[in-house]
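Architecture at a glance
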Amino acid sequence: MSLPKGLAEEVSKNLVMVARLIDEDPEQAYAYSRIALRLASRVAAVREAAGFAAYATQKYSEALAEFRAAKRMTGSVELWPVMADCERGLSRPERALAMAGEPEVQKLDKAGQVEMRLVAAGARRDMGQLEAAIVTLQSPELASSAVQPWTARLRYAYADALLAAGREDEAREWFAKTIEADKDGAMDASDRLAELDGVEFVDASSMDDEDDDEDAAEVAAAERASDVAEYYDEDDDEYEPLEDEAGPDEDDKDDEDDRDGDAGDRREGFDADADADLTDEVVVLEDDEPETDRDKG
């Protein structure tokens, strides 16, 4: 169906945004698809784009309706596998499995047939038929040493099914084969293989946080130590606090007790304020005012 030039350009702009955002921001892509659909609902490409945008946001019922509309308009069976996968998304794996046996599958190209096999195996797993899923994936395409666009996904699905069945040695072999075919690193086969080999991954950001905590503790300890005068005791081979031989007089002791009490009051006040509202401004009290001023206060 042809559209007026101005309308066609507007629709095209929205479809471009759908294609650009569908992987990074599917919700935004879906919003653009709805605009295009409102402008040109009788265009097959618009219905197909709207279907994929809905599929990406897990709106499977809506996606299935759009795919069916596009299929009616074009007469193509190209969307048959994704339509079957929508049935899986709607918790109807038996319907997806039935679609895998329909004549439309024979009209698919090789990539489409492999995709249909993946969907059928997924439906078998949904129904708890794990061994049947493994058998479904066994095919000439899986056994081939040639690497095709679908090879990595097919090998990964097979490895995952084997692992779910408890066949770890075989799963390890097929995850390794997946890595060979996955030139772009789109699959997480290397991580899965490492897990099977007992390799544990550590979050680098958490390690940085721990290092920061340790550094802060060391700094605090150093600051506390710097507040205490020390002398080197050769007999004990260590530094010890330097004390006044006459000992502190009573006035100094009282002043120290008062300062300790004031510090305790500030800590208690800060804790209470923090519990009340963490967004309140924290006022830092400078401890550099002269001793006589503090005593006067």
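Conventions used here
- Residues numbered from 1 in each chain as written.
- Predicted model: local features only at pLDDT ≥ 70, side-chain atom pairs only at ≥ 80, totals over all residues.
- Heavy atoms only, no water.
- Helix = DSSP H or I, 4+ residues; strand = E, 2+ residues; numbered from the N terminus.
- Expected span 1.5 Å × (residues − 1).
- Buried < 20%, exposed > 50% of the residue type's maximum accessible area, 1.4 Å probe, protein only.
- Contact = heavy atoms within 4.5 Å.
- Salt bridge = Lys/Arg side-chain N within 4 Å of Asp/Glu carboxyl O.
- Lys, Arg positive; Asp, Glu negative; His and termini not counted.
- Polar contact = N/O pair within 3.5 Å; in protein donor to acceptor, adjacent residues only side chain to side chain.

**Examining helix H7 (residues 110-126)**
- Across its 17 residues, H7 extends 24 Å between first and last C-alpha, which sits within 8% of the 24 Å expected from 1.5 Å per residue.
- If you check which residues of H7 are buried, you get Gly-112, Val-114, Met-116, Leu-118, Val-119, Ala-120, Ala-121, Gly-122 and Ala-123.
- Lining the buried residues of H7 we find helix H5 (80-89), helix H6 (93-99), helix H8 (130-137), helix H9 (140-143) and helix H10 (151-164).
- Once H7 finishes, Gly-128 follows within two positions and takes phi at roughly 80°, a positive value.

**Quick notes on the pattern of salt bridges**
- Per the counting criterion, the structure on display carries 16 salt bridges.
- Put simply, Glu-27 and Lys-59 hold a salt bridge, and the shortest N to O gap is 3.8 Å. Placement of Glu-27 in helix H2 (residues 26-39) and of Lys-59 in the loop between helix H3 (44-56) and helix H4 (60-74) is noted, with a sequence separation of 32 residues between them.
- For Glu-27, a relative accessible area of 47% puts it in the partly exposed group.
- Across the salt bridge formed by Asp-160 and Arg-192, the nearest N and O atoms sit 2.9 Å from each other. Of the two residues, Asp-160 is situated in helix H10 and Arg-192 in helix H12 (residues 189-196); the sequence distance between them amounts to 32 residues.
- Accessibility expressed as a relative area gives 22% for Asp-160, which makes it partly exposed.

**Let's talk about the side chain of Asp-182**
- One can find Asp-182 in the loop between helix H11 (168-181) and H12.
- Of the side chains with opposite charge, Lys-183 comes closest to the buried, unpaired Asp-182, at an N-O distance of 9.2 Å.
- One polar contact links the side chain of Asp-182 to the main-chain amide nitrogen of Met-187, over a distance of 2.8 Å.

**Thoughts on the environment of Arg-155**
- Mapping Arg-155 onto the fold places it in helix H10.
- For Arg-155, a relative accessible area of 6% corresponds to the buried category.
- Considered as a pair, Arg-155 and Thr-178 are 23 residues apart in the sequence and their alpha carbons are 5.4 Å apart.
- Once residues lying within four places of it in the same chain are set aside, the contact partners of Arg-155 are Leu-142, Ser-144, Ser-145, Ala-146, Trp-174, Lys-177, Thr-178, Glu-180 and Ala-181.
- A polar side-chain atom of Arg-155 sits 3.3 Å from the main-chain carbonyl oxygen of Ser-144.

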